[in-house]
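Descriptive structure summary
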Amino acid sequence: MKRKLVAAVGAVAMMASVAACGSDGGSESAKSPKDRKETLTVWLMVDAQSTWPELVKDVNAQFNKKYPGVKVDVQYQQWADKAKKLDTALGGDKFPDVVELGNTETMQYILNGALAEIDPKKYQNSDTWIQGLKDTCSFEGKQFCVPYYAGARVAIYNTEMLKKGAGVDKLPETEDELLAAMDKVSAEYGKKDKRFSSLYLPGRYWYAAMSYVAAYDGKIAEYDEGSKEWKASLSSPEAQKGIQHFIDLVKKYNKADQTKDEQDHANVMANEKAALLYGNGWESGSVIDGKNNGNPKLEGKILTAGMPGPNGKALPSFIGGSDLAVTSKSKVADLGEEWISLFTSEKSMEVLASKNILPNNTKQLEPLKAKPETAPIANAVPDAWFTPIAPGWTSIEKEEVLENMLLAILKGDSVEAATKAADAKINELINQES
């Protein structure tokens, strides 16, 4: 799922005014833990409710053993409207003390003053936190959230189609071999269905496009030490090679609407219109989930693997995942920090790892690199890329700039012209928002 941040109206001014209202518990924090009587409000996403509810229950029990008089009110949120609800809540008097944020959301809330600074030393595994997640919580040498779990994009493929069409039992390990197999799958299944895509890459899928940019050592933007500014770099030769590579794949293999984004690509595979996707590891489950437009008949036929990339290397993945933060408005910030500490402890990360969810640290990630169910995604994490850690990058406009750039190329603009236009727009937005 693409987690686009909905910008709050007047958020900067609002957050600046409330940041000073935050508290570490004040006079209450001086009381004995058994005498505390507050309520701690925690916003978690529905993933925790559906996949690791026992962890939430156990952490609450641990917390209440020390603070028996504190009520922990866990409220589960949906990704589709969480950002809008959070912005509204932070502008009022009923707001969460602890909030889960997608790692693409955190910078906006850090800059708006919505998140309290945390001390990494209070958290287990902080010395081995996955760098890509830690970076999304950091600004100007300070830490404002705690890595929760990681994610990465991988190849999701239909084993039956690969076997019947290309005569192979598993996904090839090099791109040349992969594309040769896709050509054979296209020939086999395209005979009956002209809309069948052996490799389904939506044209506006900027996460995938930027993975190919990273494969050629290109970047969306780079920090210039001389000017102390971020400067867009999509028009560099390296980035242009990656974008051209992506566009070539889209044009050759996507036989459906090439101008769409990736929002429904799991559904495309569920409808047996594609043999291979490049998506989040969890989307393999979406393909077969009958309750959410998936196809249960494909159970056992959908597997994941590392996605081969150009030049004989694996395709670099976007580092996804979630972070946990204490809001700066919270009057029980000390309790929030302690709850997060329990929820992200080594013991808690073991629970996530047992469910094939990637933990927040490299130490506990290591065993998952050898586990068949998690090896593709776990191995994609250490070298994963992320969007520029630049003020304002997380705004929705920059995602639209990348999507519009890809759309322009698909409609006939040259890569050179489209990337130069995108760079100009990105620089304009960064300068406006920094």
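Bear in mind that the values here come from a model prediction, so they are computed numbers and not experimental data. (Residues numbered from 1 in each chain as written. Predicted model: local features only at pLDDT ≥ 70, side-chain atom pairs only at ≥ 80, totals over all residues. Heavy atoms only, no water.)

Orientation of helix α4 (residues 53–66) relative to helix α15 (residues 346–354), taken along the N-to-C sense of each, is 165°, at an axis distance of 10 Å. With respect to their mutual orientation, α4 and α15 come out roughly antiparallel. Here α4 and α15 pass one another in a crossing that is right-handed. Contacts between α4 and α15 involve Glu54, Leu55, Asp58, Val59 and Gln62 from the former and Lys347, Ser348, Val351 and Leu352 from the latter. The residue inventory of the contact of α4 with α15, partitioned by class, reads four nonpolar, two polar and three charged. (Axes fitted to C-alpha atoms, helices over the stretch in contact; angles between N-to-C directions. Helix = DSSP H or I, 4+ residues; strand = E, 2+ residues; numbered from the N terminus. Parallel < 35°, antiparallel > 145°, perpendicular 65-115°, else oblique. Left-handed = near helix turned anticlockwise from the far one by under 90°. Contact = heavy atoms within 4.5 Å. Nonpolar A, V, L, I, M, F, W, Y, C, P; charged D, E, K, R; others polar.)

Membership of the largest hydrophobic core comes to 59 residues, with the highest contact counts inside it found for Leu201, Met210, Ile243 and Phe246. Ranked by residue count, the leading element in this core is helix α10 (residues 206–215), at nine residues. Discounting residues that sit within four places of it in the chain, methionine 210 has contacts with Ile220, Leu234, Ile243, Trp385, Leu402 and Met405. In this structure, Leu55, Val70, Val74 and Tyr148 belong to the second largest nonpolar core, which totals 34 residues. (Core = buried A, V, L, I, M, F, W, Y, C linked by side-chain atoms within 4.5 Å. Buried < 20%, exposed > 50% of the residue type's maximum accessible area, 1.4 Å probe, protein only.)

Right, let's get into the packing of aromatic side chains. Inspection of the entire model under this criterion finds 14 aromatic pairs. Aromatic side chains tryptophan 52 and tyrosine 149 sit 5.7 Å apart centroid to centroid with 75° between the ring planes, which places their arrangement in the edge-to-face category. Residue tryptophan 52 is located in the loop between α3 (46–51) and α4, and its partner tyrosine 149 is located in strand β6 (residues 146–151); the two are separated by 97 residues in the primary sequence. There is no split in this pair, since tryptophan 52 and tyrosine 149 are both buried. On the numbers, 6.4 Å between centres and 45° between planes, the contact of tyrosine 123 with tryptophan 129 is tilted. Exposure class is identical for tyrosine 123 and tryptophan 129. Each is buried. A network of ring pairs unites the aromatic residues Trp52, Tyr148, Tyr149, Trp339 and Phe343 as a single cluster. Sitting over the ring of tryptophan 43, lysine 85 keeps its end group 5.7 Å from the ring centre. Seen from the ring of tyrosine 207, arginine 153 lies directly overhead, with NZ or CZ sitting 4.2 Å from the centre. (Phe/Tyr/Trp six-rings, centres within 6.5 Å; stacked < 30°, edge-to-face > 60°. Lys NZ or Arg CZ within 6 Å of the ring centre and 35° of its normal.)

This next bit is on the confidence of the model for the chain. Of the residues in the chain, 92% reach a pLDDT of 70 or more, and the chain-wide mean stands at 90. pLDDT under 50 marks residues 1–23. Its contacts with residues more than four places away, or in other chains, come to 54 contacts. (pLDDT = per-residue confidence, 0-100.)

Across all of its chains, the model carries 20 salt bridges by this definition. The salt bridge partner of lysine 260 is aspartate 264, with a shortest N-O separation of 2.8 Å. The partly exposed category is assigned to lysine 260, whose relative accessible area is 28%. (Salt bridge = Lys/Arg side-chain N within 4 Å of Asp/Glu carboxyl O.)

Turning to the state of the cysteines, a few remarks are in order. Working definition of a disulfide: a covalent bond connecting the sulfur atoms of two cysteines. In the structure shown here, the tally under the stated rule is one disulfide. Sulfur-sulfur distance for the disulfide between cysteine 137 and cysteine 145 comes to 2.0 Å. For the disulfide bridge between cysteine 137 and cysteine 145, the dihedral angle about the S-S bond is near -110°, and by the sign convention the bridge is left-handed. The burial state of cysteine 137 is the same as that of cysteine 145; both residues are buried. (Disulfide = S-S within 2.5 Å.)

Turning our attention to the pairing of strand β9 (residues 221–224). Pairing between β9 and strand β10 (residues 229–232): four bridges, direction antiparallel. Residue pairing in the sheet places aspartate 224 in a bridge with glutamate 229 of β10. Adjacent in sequence and paired antiparallel, β9 and β10 are bridged by four residues, among which lysine 228 carries a positive phi angle near 60°. (Pairing = 2+ DSSP bridges.)

Let's shift gears to the layout of surface pockets. For the second largest pocket, the calculated volume is near 900 Å³. Forming the walls of the second largest pocket are 40 residues, and the residues nearest its centre are Ala214, Pro316, Asp383, Ala384 and Trp385. Those elements that provide at least two residues to the lining of the second largest pocket are α7 (131–136), α10 and α17 (375–380). (1 Å grid on protein atoms, 1.4 Å probe; cavity = no way out; pocket = protein on both sides within 12 Å on 5 of 7 lines; lining within 4 Å. Points joined across faces, edges and corners; volume = space filled by probe spheres on them.)

Right, let's get into helix α11 (residues 237–253). Look at α11: 24 Å from first C-alpha to last across 17 residues, which is about the 24 Å you get at 1.5 Å a residue. Where α11 is concerned, the buried positions are Ala239, Gln240, Gly242, Ile243, His245, Phe246, Ile247, Leu249, Val250 and Tyr253. (Expected span 1.5 Å × (residues − 1).)

Attention shifts here to the environment of glutamate 428. With respect to the helices and strands, glutamate 428 occurs in helix α19 (residues 415–433). On the basis of relative accessibility, which here comes to 38%, the residue glutamate 428 falls in the partly exposed class. For the pair glutamate 428 and lysine 231, spaced 197 residues apart in sequence, the C-alpha to C-alpha distance is 9.8 Å.

Moving on, we get to helix α5 (residues 79–90). Over its twelve residues, α5 extends 17 Å from the first C-alpha to the last, a length consistent with the 16 Å expected when each residue adds 1.5 Å. Those residues of α5 lying buried are Trp79, Lys82, Ala83, Leu86, Asp87, Ala89 and Leu90. Along the long axis of α5, the arc covered by the buried residues comes to 165°, so they all point the same way. Residues Ala80, Lys84 and Thr88 are exposed on α5 and point more than 90 degrees away from its buried face. (Arc of directions from axis to C-beta.)

So, about the sheet that holds strand β8 (residues 197–199). Sheets are built from strands paired through backbone hydrogen bonds, the pairs being either parallel or antiparallel. Read across the open sheet, the four strands follow the order β8-β11-β7-β12; overall the sheet is mixed. Whereas interior strands pair on both sides, the edge strands pair on one side only; in this sheet they are β8 and β12 (302–305). The average angle at which neighbouring strand axes cross in this sheet is 35°, direction not considered. Bridging between β8 and strand β11 (residues 274–280) involves two bridges; their strand directions are parallel. Across the sheet, residue leucine 199 finds its bridge partner in β11, namely leucine 276. Strand contacts of helix α8 (residues 159–166): β7 (153–158), β11 and β12, with the helix running at about 65° to β7, the strand carrying the most contacts.

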